[in-house]
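Here are the chains, one letter per residue:
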Amino acid sequence: MDKLELEKILPHRPPMLLLDDAEVVDGHAIGHVKIAGDEYFVQGHFPGYPVVPGVILCEMLAQNCCVLMAEKLSSTDATPFYTSLDKVRFKHQVRPGDTLTLDCTLTRSHGMFHFAHGEARVGDTVACVADMSFALVPKKDA
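Scoring rules and cut-offs
Residues numbered from 1 in each chain as written. Predicted model: local features only at pLDDT ≥ 70, side-chain atom pairs only at ≥ 80, totals over all residues. Heavy atoms only, no water. Helix = DSSP H or I, 4+ residues; strand = E, 2+ residues; numbered from the N terminus. Rg over C-alpha atoms; globule rule 2.2 N^0.38 Å. Contact = heavy atoms within 4.5 Å. Areas by Shrake-Rupley, 256 points an atom, 1.4 Å probe, with all protein chains shown as cover. Lys, Arg positive; Asp, Glu negative; His and termini not counted. Charge placed at Lys NZ, Arg CZ, Asp CG, Glu CD. Pairing = 2+ DSSP bridges. Buried < 20%, exposed > 50% of the residue type's maximum accessible area, 1.4 Å probe, protein only. Disulfide = S-S within 2.5 Å.

Chemist: I would appreciate a short explanation of the overall build of the protein chain in the present structure.
Modeler: Counting its secondary structure elements, the protein chain contains three helices and six strands. When the helices and strands of the protein chain are placed in sequence order, the string is α-β-β-α-α-β-β-β-β. Here the protein chain has a C-alpha radius of gyration of 15 Å; the compact-globule value for 142 residues is 14 Å, and the two agree. Seen through its principal axes, the protein chain has C-alpha atoms that stretch 45 × 30 × 25 Å. For the protein chain, contacts bridging at least 24 residues in sequence account for 61% of all contacts bridging at least 6. Accessible area of the protein chain: about 7700 Å², with a carbon and sulfur share of 54%. In the protein chain, 13 positive and 19 negative side-chain charges are present, and the distance between their average locations comes to 6 Å.

Structure, rendered in structure tokens:
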């Protein structure tokens, strides 16, 4: 899926739509993000030594997890919200010029709650791992 296809699944829009592409392969959401260096989140983090913030890495993983929930999102007209982040570990810096590969799997579901594990890599080097949970909240009329 490219960005246009991702917009059919994810509620995010630029500049918060962070994934460049994603696909589901054998129960894994595999996504990619190329860090150019002009993204808003590296603009002051840190001057002279730009690094992708950890919270943004977690958001990239969350968006990639939503690809796994695409069918449920469209059938229920729900919005995915983070409900927890557990066992998050930042193991390697992500910098301009890096291409991040995201690999996420759903580990279990219970009603509107879905649990996942995600890993972000630069090449063969693990940058971030996290266990996450989401609630699929039905949209309310504004």
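Chemist: Got a minute to help me understand the pairing of strand 4 (residues 99–110) in this structure?
Modeler: Each regular strand displays side chains that alternate between the two surfaces of the sheet. As paired strands, strand 2 (residues 28–34) and strand 4 are joined by seven bridges and run antiparallel to one another. Bridge pairing in strand 4 places His28 opposite Thr105. Bridging between strand 4 and strand 5 (residues 113–122) involves ten bridges; their strand directions are antiparallel. Looking at strand 5, one finds that Leu102 is bridged to Ala120.

Chemist: Where do I start with the environment of Met1 in this structure?
Modeler: Within the secondary structure, Met1 is located in the segment before helix 1 (3–9). Through-space distance from the C-alpha of Met1 to that of Glu23 is 5.9 Å; in sequence the pair is 22 residues apart. Sequence-distant contacts of Met1, that is, excluding residues within four places in its chain, are made with Leu6, Ile9, Asp20, Asp21, Ala22 and Val67.

Chemist: I'm lost on unusual backbone geometry in this one. Help?
Modeler: Glycine aside, a negative phi is what most residues show, and trans is what most peptide bonds show. Omega for the peptide link from Pro14 to Pro15 comes to 10°, which places this bond in the cis form. Following the sequence through the fold, Pro15 ends up in the loop between helix 1 and strand 1 (21–25). Phe46 follows His45 through a cis peptide bond whose omega is 10°. You can see Phe46 is positioned in the loop between strand 2 and helix 2 (54–68). Even without being a glycine, Asp26 presents a positive backbone phi close to 50°.

Chemist: Whenever I open this one, the side chain of Gln63 confuses me. Can you help?
Modeler: By the secondary structure assignment, Gln63 is in helix 2. According to the relative accessible area criterion, Gln63 is buried, its value standing at 0%. Other than its neighbours up to four places away in sequence, Gln63 contacts Leu10, His12, Met16, Leu17, Leu18 and Leu19.

Chemist: I tried to follow the state of the cysteines on my own but got confused; where do I start?
Modeler: By definition, a disulfide links two cysteine residues through a covalent bond between their sulfur atoms. All told, the structure shown has zero disulfides when counted by the stated rule. Here Cys58 stays unpaired: no disulfide links it, and the sulfur of Cys128, its closest cysteine neighbor, is 4.6 Å away. Accessibility expressed as a relative area gives 6% for Cys58, which makes it buried. No disulfide involves Cys65; its sulfur sits 3.7 Å from that of Cys104, the nearest cysteine. You can call Cys65 buried: its relative accessible area is 0%.

These figures come from the coordinates and say nothing about function on their own.
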